[in-house]
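Secondary and tertiary structure notes
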Number of protein chains: 4
Amino acid sequence: MPDSNFAERSEEQVSGATVIAQALKTQDVEYIFGIVGIPVTEIAIAAQQLGIKYIGMRNEQAACYAASAIGYLTGRPGVCLVVSGPGLIHALGGMANANMNCWYVECCMSPPISMAETSAVCTAASVIRSAKQPLLIIGKGAAYAHAEDSIQKLVEQYKLPFLPTPMGKGVVPDNHPYCVGAARSRALQFADVIVLFGARLNWILHFGLPPRYQPDVKFIQVDICAEELGNNVKPAVTLLGDINAVTKQLLEELDKTPWQYPPESKWWKTLREKMKSNEAASKELASKKSLPMNYYTVFYHVQEQLPRDCFVVSEGANTMDIGRTVLQNYLPRHRLDAGTFGTMGVGLGFAIAAAMVAKDRSPGQRIICVEGDSAFGFSGMEVETICRYNLPIILLVVNNNGIYQGFDSDTWKEMLKFQDAASVVPPMCLLPNSHYEQVMTAFGGKGYFVQTPEELQRSLRQSLADTTKPSLINIMIEPQATRKTQDFHWLTRSNM
Amino acid sequence: MPDSNFAERSEEQVSGATVIAQALKTQDVEYIFGIVGIPVTEIAIAAQQLGIKYIGMRNEQAACYAASAIGYLTGRPGVCLVVSGPGLIHALGGMANANMNCWYVECCMSPPISMAETSAVCTAASVIRSAKQPLLIIGKGAAYAHAEDSIQKLVEQYKLPFLPTPMGKGVVPDNHPYCVGAARSRALQFADVIVLFGARLNWILHFGLPPRYQPDVKFIQVDICAEELGNNVKPAVTLLGDINAVTKQLLEELDKTPWQYPPESKWWKTLREKMKSNEAASKELASKKSLPMNYYTVFYHVQEQLPRDCFVVSEGANTMDIGRTVLQNYLPRHRLDAGTFGTMGVGLGFAIAAAMVAKDRSPGQRIICVEGDSAFGFSGMEVETICRYNLPIILLVVNNNGIYQGFDSDTWKEMLKFQDAASVVPPMCLLPNSHYEQVMTAFGGKGYFVQTPEELQRSLRQSLADTTKPSLINIMIEPQATRKTQDFHWLTRSNM
Amino acid sequence: MPDSNFAERSEEQVSGATVIAQALKTQDVEYIFGIVGIPVTEIAIAAQQLGIKYIGMRNEQAACYAASAIGYLTGRPGVCLVVSGPGLIHALGGMANANMNCWYVECCMSPPISMAETSAVCTAASVIRSAKQPLLIIGKGAAYAHAEDSIQKLVEQYKLPFLPTPMGKGVVPDNHPYCVGAARSRALQFADVIVLFGARLNWILHFGLPPRYQPDVKFIQVDICAEELGNNVKPAVTLLGDINAVTKQLLEELDKTPWQYPPESKWWKTLREKMKSNEAASKELASKKSLPMNYYTVFYHVQEQLPRDCFVVSEGANTMDIGRTVLQNYLPRHRLDAGTFGTMGVGLGFAIAAAMVAKDRSPGQRIICVEGDSAFGFSGMEVETICRYNLPIILLVVNNNGIYQGFDSDTWKEMLKFQDAASVVPPMCLLPNSHYEQVMTAFGGKGYFVQTPEELQRSLRQSLADTTKPSLINIMIEPQATRKTQDFHWLTRSNM
Amino acid sequence: MPDSNFAERSEEQVSGATVIAQALKTQDVEYIFGIVGIPVTEIAIAAQQLGIKYIGMRNEQAACYAASAIGYLTGRPGVCLVVSGPGLIHALGGMANANMNCWYVECCMSPPISMAETSAVCTAASVIRSAKQPLLIIGKGAAYAHAEDSIQKLVEQYKLPFLPTPMGKGVVPDNHPYCVGAARSRALQFADVIVLFGARLNWILHFGLPPRYQPDVKFIQVDICAEELGNNVKPAVTLLGDINAVTKQLLEELDKTPWQYPPESKWWKTLREKMKSNEAASKELASKKSLPMNYYTVFYHVQEQLPRDCFVVSEGANTMDIGRTVLQNYLPRHRLDAGTFGTMGVGLGFAIAAAMVAKDRSPGQRIICVEGDSAFGFSGMEVETICRYNLPIILLVVNNNGIYQGFDSDTWKEMLKFQDAASVVPPMCLLPNSHYEQVMTAFGGKGYFVQTPEELQRSLRQSLADTTKPSLINIMIEPQATRKTQDFHWLTRSNM
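- For chain A, the name recorded in an unreviewed UniProt entry is 2-hydroxyacyl-CoA lyase, with Rhinopithecus bieti as its organism.
- According to UniProt, the comment filed for chain A under the heading Cofactor (unreviewed entry) is "thiamine diphosphate".

Below, the structure is given as structure tokens:
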């Protein structure tokens, strides 16, 4: 519990702190995220003295989310430092979201690499060769395994269409000619052979079940985790092992007999046509001149200026879902989003972690953090952390005055004329026209309130040009804006 | 998980929601705090239709803290509505802080009242009568039991000195002539008989142990909870029962024989002298003209303008501890603070709950929420909630640029000249001169940045005068400011 | 973990053991039940050296059940000593069954006594006075509170009919003329005012709901535990406090005005008639001469010889339910059964605990442990413990060759002619004609295999006469035997 | 909870039971172990109707241990069926002992096979080739992976000394000339390269640390489980993958260059000498003619008659430890013992599971279950289960009248002359000369009480000859008997 008198600390505590800090150093820990208090302040100080960076956060939730992202970004443990009792409880959200925390991680040698059984690789290769309508799905596991080179080789050498999952984006660049993201539903629905690289058949992939898939589709599952194999559907072939190593085995096996998937097949034609029509539909939505803007307009303008090497962090409902279809990733492990669990409140922690890593490893790199307005509220005070450490983050708050949807100011005022807000305001509504950008200016960063495409373009240009300060662009959109029509209404969450 | 298409919901979900809402209504639930998402949105809507108020919050942590305060304030269950998975995990902090949540509370009839055993009451009365240096300690339990009238009668009729615990403040007004809060340490240390009314001998009360107490002090414990009796020390007498009912039994028993504690005793003299010297020391600190201000200066000016009937909510380290000694409560159950558990992040949730209750029960009443700058960061985004519901809250952020202590701007800049912040900034430091008041103006409330006593006085006056909007006063104090010298350095947390 | 070399133990372990043993002694612990192993053997030895009795059991389950019974029997904590890991996990059953264990019990001063609010006592007295068809239900809580004298006075002074719950039996003797146990269903169904003394409206009491009760029955609930009040039904009056103290308050209040419930009322007449007809029906069943015997025949013969002061311990399905209606208790806290939770395997642990207490406090007293054959199997090896400590226990195994029901030998052999047992034996069947009495003779006790009333009478007589050894009477009954017809088929468990 | 009226069950329950039974059948479940009660009886019946075998046990602990063994023996899930509440709690011991239970097992396709990285296999082969004093340790994981053929080939082709862990015994026969079990401590202490096949460096293997090992010993770890790799010590090489597949990779790699470990090396000479002297010492102990017998005498006589293909199940302290060194296994997966966790009470459940499997797969095969007398007490009532299903089990109770040690009858009587047993009997003592064999005869099996080598030989011969009934041989040994002198006194548990 709080006490300001540091001098009073006993010898024991200090040396205990040094021991812990030293242990973290031994594990190659580079970053600690936390909130100090008795008795962990000394640990933070001792860690800094050993050259570990300490980033003080504003809520343990965000600290824990930040620490968990470090593991994904660097392959080394991220540490979250909190006081026991309430601090630990606040941090549970982060720990549930990713079991990657100093107190769990006991041993940190680089994990050994396993490969798939040779005969299973043969079978898989022959299933792929015999596919009429093949599809590769590239998941977060492929990114985590650093399998980008081998998978890109597989795609290009055999001319196979691929789809990334949200965090698999960038393993092969989104603008690759064989990426069929723009025809996602069609690709899933008619593929006869699907190879999953570190991707789970969870709700994001509609559990692998009809009517979103052919009833007799053959899945080939490539994964490091035996427990993931065969969940929800029974795969035709399972390749258990390190995803990069297994992909190399597959390449070697396919290389034995000259073959490629015919680029002029009917399947490729179908997919290309669907992509074209979908892209046209999106572009039409994006080019709408009416105000307030819609999601597509916003994201097309952001995409135009998006630096090729930036990190994209995202959370929210439509903001994350639609943003994911428009904003492109060109590099692996450069996208972080709320993920499978759909946890709100992760965005700023993730962005801060990515910024710390970027500052150290590729100075000049930017983090674009795209937040729904509701999502931003979960940890908006971390903007002070961003300013305190002067991190290269551009926050975009896509603001529709609510959760899923809200009201405009006039409707709002009308609504409150006769009754008080707690009785009459729909539960999904937030205050209209909130000036979230002032949460940034309050701490010395740059803030923009934008209502038109021109304002959006200008503010983005300025934010990207000014490398001395973080910024927040508060983008007002149509409060009732939704996404474009879907083919499916069942389990319609994601149009990746 | 999020989906905007409300129309698609099945009949079942809607009727399930109505059943739950109806059950809450049956339990006399008046307020629900939460964050909606699939599938709980319908519950919130159904509840509103039945006349229950729904307050949408920005993070489940704060929602849960708000709900838990409702129980204390109204005696009825407060409800926290969150989605399963991440939402529930975020809410754990609140649930650990107070086990008062819709899903626990099954039965809500008013609890029956129990009384203490008659013979134990006799013994207690005789121990009190024979005390040379008696002391009453009035705890949160006394407030919860609505024992204010009987305890005040006991104090006045028998002329007994009393001390309130943090949340026991106001059961008898802090400015009562028999309140010895200003001589707290002295009173605890030399009392020979201490009667605890719903107060626990925890760390706030130094566990009831020497050297903070006489080794042979006799405790008389009055509590509703048998498990609390005899923790840490063995009491001389235990009175198990409803605190108000037991106090009345005590009054009845003491009334049988004419007696009062002599107001001119040496004990009263000692206490009065100590109070005088402590108050003088505080006043001296408060009257210091040097800038930045210190804690005492700030709180003396706040106390001068504090409305007699306001709620005081508080959290932080020194901010809460010192504020508690200076800011006076005149009414029971009008103070809410971080409490035994020392949880950070509770303040805004508590303030929102108190404001909802105040709006409905005594319009015009104000909530003064006194926050340390670090504490404010835990749930600062709830300011949007405050503005959305236009709640009568005045937020005071007592800003020393850090946790326990921080740096001024010049030192800060100097520090960052040669190294980056994560390597060199002490873990307890926050950004100097943060304009937290802009977090309020961002959402349409009033904001003040104050650096002098005059600015503080003026901003307070304006905030209290303007009843149409919430406000936030960002009060800059000496970054290294600490409290006045204590008699004890051991377990020195609290100078209540 | 096991190691035989005691000499190798370090000084530290030994002194740690002494410290723990000393702490148990300070808490007035008299008995430890457990199974030793590294590192708890030393604790057991140290405890014995301090005069605490150590009873080595054969499975941690039984050890824990024994320890939990000590609390009920003596009011002091019973201790269960197990090794960590598997031992602790085995003991969980016992801990769940009764949270009464050394490691929970931190403080052991005698709990203070609370009383009910005076006005609630007045209301209760007036509700009782105005009752047309009153009923008292005496629960385990009344036994635990040692309320036997005050409740018996209440029953006799005001001539009120009463029913005991399973573990409330004996608070007022079962053969008391005002006990209406033999008309249980009738009494519950038509009472208009029911006073519950430490009894819960759980499934044993049909949750207090129609059709087993009048829809407008008024409950007066007397309990020490506020959480129990108002569960399932909303009581008319609740008296929160020590059950003995509250009963005295009630007596005092009722004494103020001369009154008694008319012994010639229609209600008493109805109850007496029903009791007469029920007792006749039972007696008819009991007097059946056909073999194998039925439950009633067995229990009537047992009841004939049952010593007035014996402990009765029981578990099983029909064995416990029917036994409870026939076997009478004359003293409070002299019945222990599987209780609310219905846990199987508790009987021998309970019997061992009761025997330890009986040996020390009233030498010559016997423990009659009535077990179903399936129930006996859960901890039958504790018979060795009984023999090792030569405990005054008479075990009756009421053996119907199965759980609820079984098969006779001929049917059994027929069944196995063509298929193996695991494929064809019904899941509730056990081996027919098992000689459980040999589990007793194996360890030097006396064993009896009885098939007729005469054999049963003789073996009981011999067992009671021989005070030098424990005995087990294996009583063969009709494998398909069931209970007499019930008025209700809904929630028909218990005909107490 | 219990109710005998099966006819009253609703349609819903019955159809629910069928659905569950069908699901189990779909998962290829062959055996269910459990104790029925409401509402699970119907599930057991429905399962039998679908051809699943149901084995009714006497305590949920044993049921759960039996179910967990099925997984190890058959590779298919074993199911434990218990009622909720107390039944589930009793079953926790089993679930903690082996997380192999129907409700965990969601997907049951045969797991895919992974292989080790090719380069790591090369490194491992070269480390093995360069070893001066190599040692293979064969663990339970090797048995589980069915790696017996490949590992035996590795041993024989390269002439490498090997040691089995308790449950790794039989993967290569214990009487193989390259087995150095009789020189275990020496082999561990001086090996310079140790290859672990599915063996953990836990307390049974002294954590892989000095002084039980060379400080610079190189470990090569072969395991399917990445989390196990690098625990306690940092291995020189780690081969992650299916143990059988990886061993084949190793064979292939070593085959590339002609090599074998020289059979006349100094290392082999040292090991052979130590084995010879250890075996002589054991043989001397075994041949002692004094009575009561010691452990070695008993086990040598048992070993003489042990059928080559029998299952050996064992639990106890010295009984298990010494028995393991003398009783030989010739087939993989034919030994089950208390294992890493040291759980007592597992033996009879394991034996019952093994017997069910043996009956179905290799009729005539016997299960020898070697129990310490204390261990037998944990679940001795399961003897009724053994007799009910007439299982081919021979139980040996090695009886020293206590836990680790006990007293003879005379000492026992002397001890009780002046004080009661609970005050004076040492906590590790059990009743002397208990006739555990009568627990078998009680249920129709054969029982033997043996005190001399001749009686032991005869009873074993008869038990093995009589294939119509289970039997129990109660073998009286010296109550203070211990094991032969060890080289190490530190962590001296196991002389495998």
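1. As for the confidence of the model for chain A
Residues and elements named next belong to chain A.
- Scored by pLDDT, chain A has a mean of 86; 86% of the residues are at 70 or more.
- Below a pLDDT of 50 lies the segment residues 92-103, which in the model reaches 32 contacts outside its immediate sequence neighbourhood of four places, other chains included.
- A low-confidence stretch, residues 105-109 (pLDDT under 50), is modelled with 11 contacts involving residues beyond four sequence positions or located in other chains.
- For this predicted complex, the interface confidence score (ipTM) comes to 0.89, while the overall pTM stands at 0.79.

2. Digging into the packing of aromatic side chains
- Applying the stated criterion across every chain, the model contains 24 aromatic pairs over all chains.
- Aromatic side chains A:Tyr436 and B:Phe443 sit 5.5 Å apart centroid to centroid with 75° between the ring planes, which places their arrangement in the edge-to-face category. With A:Tyr436 in the loop between helix 17 (421-424) and helix 18 (437-441) and B:Phe443 in the loop between helix 18 (437-441) and strand 16 (446-450), this residue pair bridges two chains.
- Linked through ring pairs, A:Phe376, A:Tyr436 and B:Phe443 together constitute an aromatic cluster.

3. Quick look at the environment of B:Asp360
Residues and elements named next belong to chain B.
- With respect to the element layout, Asp360 can be found in helix 13 (residues 347-361).
- Residues Asp360 and Ile43, spaced 317 residues apart in sequence, show a C-alpha to C-alpha distance of 23 Å.
- Filtering out sequence-adjacent residues up to four positions away, Asp360 remains in contact with Tyr31 and Lys53.

4. A closer look at the pairing of strand 5 (residues 134-138) of chain A
Residues and elements named next belong to chain A.
- A large share of strand 5 lies buried, amounting to 5 of its 5 residues.
- Residue alternation in strand 5 divides its side chains into two sets, Pro134, Leu136 and Ile138 and Leu135 and Ile137, and both sets are buried.
- With 5 bridges connecting them, strand 5 and strand 7 (residues 193-197) associate as parallel partners. Opposite Ile138, over in strand 7, you have Phe197 as the bridge partner.
- Judged from the 3 bridges that link them, strand 5 and strand 6 (residues 162-164) form a sheet pairing that is parallel. Of the residues in strand 6, the one forming a bridge with Ile138 is Pro164.

Cut-offs used in this document
- Residues numbered from 1 in each chain as written.
- Chains lettered and ligands numbered in written order.
- Predicted model: local features only at pLDDT ≥ 70, side-chain atom pairs only at ≥ 80, totals over all residues.
- Heavy atoms only, no water.
- UniProt positions renumbered as here; feature names shortened; annotations may be inferred.
- pLDDT = per-residue confidence, 0-100.
- Contact = heavy atoms within 4.5 Å.
- Phe/Tyr/Trp six-rings, centres within 6.5 Å; stacked < 30°, edge-to-face > 60°.
- Helix = DSSP H or I, 4+ residues; strand = E, 2+ residues; numbered from the N terminus.
- Buried < 20%, exposed > 50% of the residue type's maximum accessible area, 1.4 Å probe, protein only.
- Pairing = 2+ DSSP bridges.

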